[in-house]
Amino acid sequence: SGFSFNILGNGIGYNNSIQSNQPKITTELLKSLFNATIEEVVKLGFEQVILHYNNLENISKEKLIKLFIGLRDFLQNEKVHFIFVGGEPFPSAIYEEDKVRSIFVYGNIELPVFGLEEILKILEKRMKYLSYENMKVFKPYENETIKELNKIHEGNIRDILNSMSVAMIEIICQNPNE
């Protein structure tokens, strides 16, 4: 007696000895799995899928070009919208290679850095949205601190929020009982 189990060409069986059917992972197999996954999402009633990739500035231009050439076929699925976020070298990697440039329909969308007043409003809204009814909310920062962080990080709100998080963790670690 024995059994076997197989999904999309991947399988394992047992019959007095264990047998494994591991196919070679190819671009075609990955593309097939990707498309099947998207179709399953659509069957659930969703019209389209959005995939968001962030922090692409942390990848070298050469690796980004290679990545996008490899992803070219994946990016051309009408039911999927890809959002790629990152500073240099990401934008220049798109335009350096014809094969990569041709798959991007829209140009870059550059977001300006926030001014101090905008950052303060964002922080206020963030506290409001993260609180619940009847919760005693206190502002864990001084506006002057945000002003200094804004200067240091040149309006980059991600870096400002990260600095605030690191500072809060450090304060808690130094004063765990307060």
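Now for a description of the structure that goes with this document. Everything quoted here is computed from the prediction, not taken from an experiment. (Residues numbered from 1 in each chain as written. Predicted model: local features only at pLDDT ≥ 70, side-chain atom pairs only at ≥ 80, totals over all residues. Heavy atoms only, no water.)

**A few points about the nonpolar core**
Reasoning step 1: If you look at the biggest cluster of nonpolar residues, it comprises 18 residues, and the most contacted ones within it are Phe68, Leu75, Phe84 and Phe90.
Reasoning step 2: Those elements giving two or more residues to this core turn out to be helix H1 (27-43), helix H2 (61-75), strand E5 (80-84) and helix H3 (90-96).
Reasoning step 3: At six residues, the largest contribution of residues to this core is made by H2.
Reasoning step 4: For Leu75, the residues in contact, after removing those within four places along its chain, are Phe68, Phe82, Phe84 and Ile103. (Core = buried A, V, L, I, M, F, W, Y, C linked by side-chain atoms within 4.5 Å. Buried < 20%, exposed > 50% of the residue type's maximum accessible area, 1.4 Å probe, protein only. Helix = DSSP H or I, 4+ residues; strand = E, 2+ residues; numbered from the N terminus. Contact = heavy atoms within 4.5 Å.)

**Remarks on the pattern of salt bridges**
Any two side chains of opposite charge can pair, on the condition that their charged atoms come close.
Reasoning step 1: By the definition in use, this model includes seven salt bridges.
Reasoning step 2: The partner of Glu39 in a salt bridge is Lys79, with the nearest N and O atoms 3.2 Å apart. Of the two residues, Glu39 is situated in helix H1 and Lys79 in the loop between H2 and E5; the sequence distance between them amounts to 40 residues.
Reasoning step 3: Relative accessible area serves as the criterion here: at 35%, Glu39 is assigned to the partly exposed category.
Reasoning step 4: A relative accessible area of 26% places Lys79 in the partly exposed class.
Reasoning step 5: In this structure, Glu40 engages Lys43 in a salt bridge whose closest nitrogen and oxygen atoms are separated by 3.4 Å. Of this pair, Glu40 and Lys43 both sit in helix H1, separated by three residues, roughly a single helical turn. (Salt bridge = Lys/Arg side-chain N within 4 Å of Asp/Glu carboxyl O.)

**Quick notes on the pairing of strand E4 (residues 49-53)**
Reasoning step 1: In this structure, E4 lies alongside E5, joined through five bridges in parallel fashion. Residue pairing in the sheet places Ile50 in a bridge with His81 of E5.
Reasoning step 2: With H2 bridging E4 and the parallel E5, this β-α-β connection has right-handed handedness. (Pairing = 2+ DSSP bridges. Right-handed = clockwise from strand over helix to strand, strands pointing away.)

**Focus on the packing of aromatic side chains**
Reasoning step 1: Taken as a whole, this structure holds eight aromatic pairs when the rule is applied.
Reasoning step 2: A ring pair is formed by Phe82 and Phe84, whose centres lie 6.0 Å apart and whose planes are at 5 degrees; its orientation type is stacked.
Reasoning step 3: Ring geometry for Phe84 versus Phe90: centroids 6.3 Å apart, planes at 45 degrees, classification tilted. The same class applies to Phe84 as to Phe90, namely buried. (Phe/Tyr/Trp six-rings, centres within 6.5 Å; stacked < 30°, edge-to-face > 60°.)

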